Amino acid sequence: MTRTRIPEIGVIVAAFAIVASLPWLAGSYMVSFAFSLMMWLALTQSWVLFSGLTGYISLGHAVFFGAGAYVMVLCWGTISFWLAIPLAGIIAGGLALLLGYPCLRVRGPYFVILTFGLAELIKFVVVNIESELGQFSRVVFGGPGVDQLFHVMVGLAAIATLMTYVVRRSRAGVGLRAIRENEEAAETIGVSVARYKAFAFAASAIIPGMVGAVMVLRTTYFEPLQAFSPITSFTIVSIAIIGGGDDAPGPVYGALFLVVLQELLWANWPQLYMIILGLLLVFFVLWSPDGVHGWVRKWQLGGRK
Amino acid sequence: MDALLSGQLLLAALVTGFVYALVALGLNLIYGTMRLLNIAHGELVMLGAYVTFWLFTLTGVSPLIAFVVAMVLGAAMGWAAYRGIFRSAILSTSVVERLEANSLLLFFGISIILQNVISLIFKADLRGYQYLDNVVEFGGIAITGNRLLVFGISCVVCVGIILFLRYSIFGLAIRALIQNRDATAIVGIDVDRVQAISFGLGFGLAALAGALISTMQPISPFMGFPFTIAAFVVIILGGLGNMTGSLVGGLILGFLETYGVALTAPTYQSILIYGVFIGVLLWRPQGILGGKRVAR
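Given the structure is predicted, the values throughout are model-derived calculations rather than measurements. (Residues numbered from 1 in each chain as written. Chains lettered and ligands numbered in written order. Predicted model: local features only at pLDDT ≥ 70, side-chain atom pairs only at ≥ 80, totals over all residues.)

1. Focus: the overall build of chain B
Piece 1. When you go through chain B residue by residue, the secondary structure sums to 12 helices and two strands.
Piece 2. The secondary structure elements of chain B, listed N-terminal to C-terminal, are α-α-α-α-α-β-β-α-α-α-α-α-α-α.
Piece 3. Viewed in the frame of its principal axes, chain B has a C-alpha envelope of about 55 × 45 × 35 Å.
Piece 4. The proportion of buried residues among the 296 residues of chain B is 51%. (Helix = DSSP H or I, 4+ residues; strand = E, 2+ residues; numbered from the N terminus. Buried ≥ 20, exposed ≤ 12 C-beta atoms within 10 Å, placed from the backbone.)

2. Focus on the nonpolar core
Piece 1. In terms of nonpolar packing, the biggest core is built from 198 residues, with M38, A42 and M153 of chain A together with L22, V23, L208 and V233 of chain B touching the most fellow members.
Piece 2. With 16 residues, helix α2 (residues 7-34) of chain B is the largest single contributor of residues to this core. (Core = buried A, V, L, I, M, F, W, Y, C linked by C-beta atoms within 7 Å.)

3. Observations regarding unusual backbone geometry
Piece 1. At T220 of chain A, a residue that is not glycine, the phi angle is positive and equals roughly 65°.
Piece 2. Within the element layout of this structure, T220 of chain A appears in the loop between α10 (193-219) and β2 (221-222).

4. Comments concerning the interface of chain B and chain A
Piece 1. Contacts between chain B and chain A engage 33 residues on the former and 30 residues on the latter.
Piece 2. At the level of elements, α4 (63-92), α5 (96-122), α10 (224-238) and α12 (269-283) of chain B are the ones that each hand at least two residues to the side of chain B that touches chain A.
Piece 3. In terms of residues, the side of chain B that touches chain A owes the most to one element, α5 of chain B, which gives 16 residues. (Contact = placed C-beta atoms within 7 Å.)

5. What about the environment of L132 of chain B?
Residue and element names in this part refer to chain B.
Piece 1. Summarising the element assignment, L132 is placed in the loop between α5 and β1 (135-138).
Piece 2. For the pair L132 and L247, spaced 115 residues apart in sequence, the C-alpha separation works out to 26 Å.
Piece 3. Residues within four places of L132 in sequence aside, it is in contact with T144, G145, N146, L149 and T215.

6. Regarding the confidence of the model for chain A
Piece 1. With 98% of its residues at a pLDDT of at least 70, chain A reaches an overall mean of 89.
Piece 2. Mean pLDDT across the elements of chain A ranges from a minimum in helix α15 (residues 291-304) of chain A, with 82, to a maximum in helix α4 (residues 62-75) of chain A, with 95. (pLDDT = per-residue confidence, 0-100.)

7. Overview of α4 of chain A
Residues and elements named next belong to chain A.
Piece 1. Taking 1.5 Å of rise per residue, the 14 residues of α4 would be expected to cover 20 Å, and the 20 Å separating its terminal C-alpha atoms lies within 8% of that figure.
Piece 2. Among the residues of α4, A62, V63, F64, F65, G66, A67, G68, A69, Y70, V71, M72 and V73 are the ones counted as buried.
Piece 3. Among the residues trailing α4, G77 stands out with phi positive, at a value near 90°. (Expected span 1.5 Å × (residues − 1).)

8. Notes on the packing of helix α8 (residues 171-181) of chain A against α10 of chain A
Residues and elements named next belong to chain A.
Piece 1. Orientation of α8 relative to α10, taken along the N-to-C sense of each, is 105°, at an axis distance of 10 Å. Compared by their axis directions, α8 and α10 come out roughly perpendicular. Contacts from A172, G175, L176 and I179 of α8 reach α10 at V193, Y196, K197 and A200.
Piece 2. Classifying every residue of the contact of α8 with α10 by side-chain character gives six nonpolar, one polar and one charged. (Axes fitted to C-alpha atoms, helices over the stretch in contact; angles between N-to-C directions. Parallel < 35°, antiparallel > 145°, perpendicular 65-115°, else oblique. Nonpolar A, V, L, I, M, F, W, Y, C, P; charged D, E, K, R; others polar.)

9. As for the pairing of β1 of chain B
Piece 1. The pairing of β1 of chain B with strand β2 (residues 141-144) of chain B spans four bridges and is classified as antiparallel. Pairing of E137 of chain B across the sheet is with A142 of chain B, part of β2 of chain B. (Pairing = 2+ DSSP bridges.)

Pasting the structure below:
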């Protein structure tokens, strides 16, 4: 069993500390690039914490992102946003517990489409609530500056990465992976399957909720179709598959790769970007299931021989 | 209240129901024979709609011919997808559950690719054309010619496919595959070929449904997903792998949707469909008509 090593945690923290110092070192373009890198990293690490370890593939993580964003706009003007961000995380986690109770009994492909369907349902419910309220898009002005938000985002990405790193190496992580390999066997040897799954699902929703809240402050507006967009879920899954594996390094490779691709293509050729993403997903699932992380590992092992 | 009891609404529900049944039959065929849930199914509906739209508006080909062209193209795509992607996925994945999850990701990738290729070529806005939009009246019920045509074709094709699967030797092979995969191979049925044909037939039916739909409503590159979800609802209602169940499920959903929207408001349509979808999935994943045969 791979163990948690204090020096490795030190390296992770130091790396994020360097990223966090970017506003003093580099220009605003670099900061906005790193901003989106940190956002996708935080989202994907959280996804891997649940889906990577348990094998229950969630295509609905956009719902937690959207819920967090919605909490932020609803709290706007009543409580401080420094309180609203953790509140968004708590509510997203609570939502996951609530949804997880019935959903996690459903397995395999049913779970996958169920998460997607639920995310869409909640999206349309919010769209209808907003139009009943006469709100079509809400604007949030006067939030904290970009640099401050950037530091929050780096913090979230660091916490998400450490969570995946530590949980994967913990007793709970072994239990979760046992569920992935054989749920009945895991239950037989005493893994409390239902509780493990529910907690992992909730834990993987908290950070996306907070990321959603931060992104509302960053973009300064909220529009439900966009906040709950299934493209978010799709991108998270693609990053995780491209990065590969069920451990912390995978999402780092995946997110780096994706954000570079996004910078190159999204502004001018959004469709082409989505097409390439789709092709990459098919390629990695079929021919390289261990992802970029797998390539790196193979290369490292080859070097040691 | 009068409006709810009118023949008008009844006929509208039947049209929607048969179209849903047609879409669902194709999805169910692929699920039944290979246990692969095709979430790109709605994108085939969308492609069929675009083929018909394109042939009719650009070259003036009658939609009646375009229906056939769309179906053949869809079938060819299904066959190619099976040969090019899914056969190797099946051969290379050892664990059945991982194959199911992986194939879902593959279909997801394909659906994203198709949506964006079409929106790259045709732009993302709604498009439509007029065909047979004269109003026909009989027995006090008014209906446009195109809806009547869609009703007729989808009804005939649905019943035809069900009878074909029930009585032809090929249908027997497909049903054998649905029931027991290993035994099918042992009695000498060419499983690979049957799977390729079910893929072709499944994709073809979806494309045909899309071609029919394009005569009634405006089309867009992102129109497919609601049909995928509707088809899921239908096959979960009717039982996975159960073809007659798909027809019944399609009609149930058609009625639920038409009357549900008539009672509330059109904005609730998506909530209604997704709500039924989630309710059924959580309540009875083996289907209302599913009986003993459990989903996996």
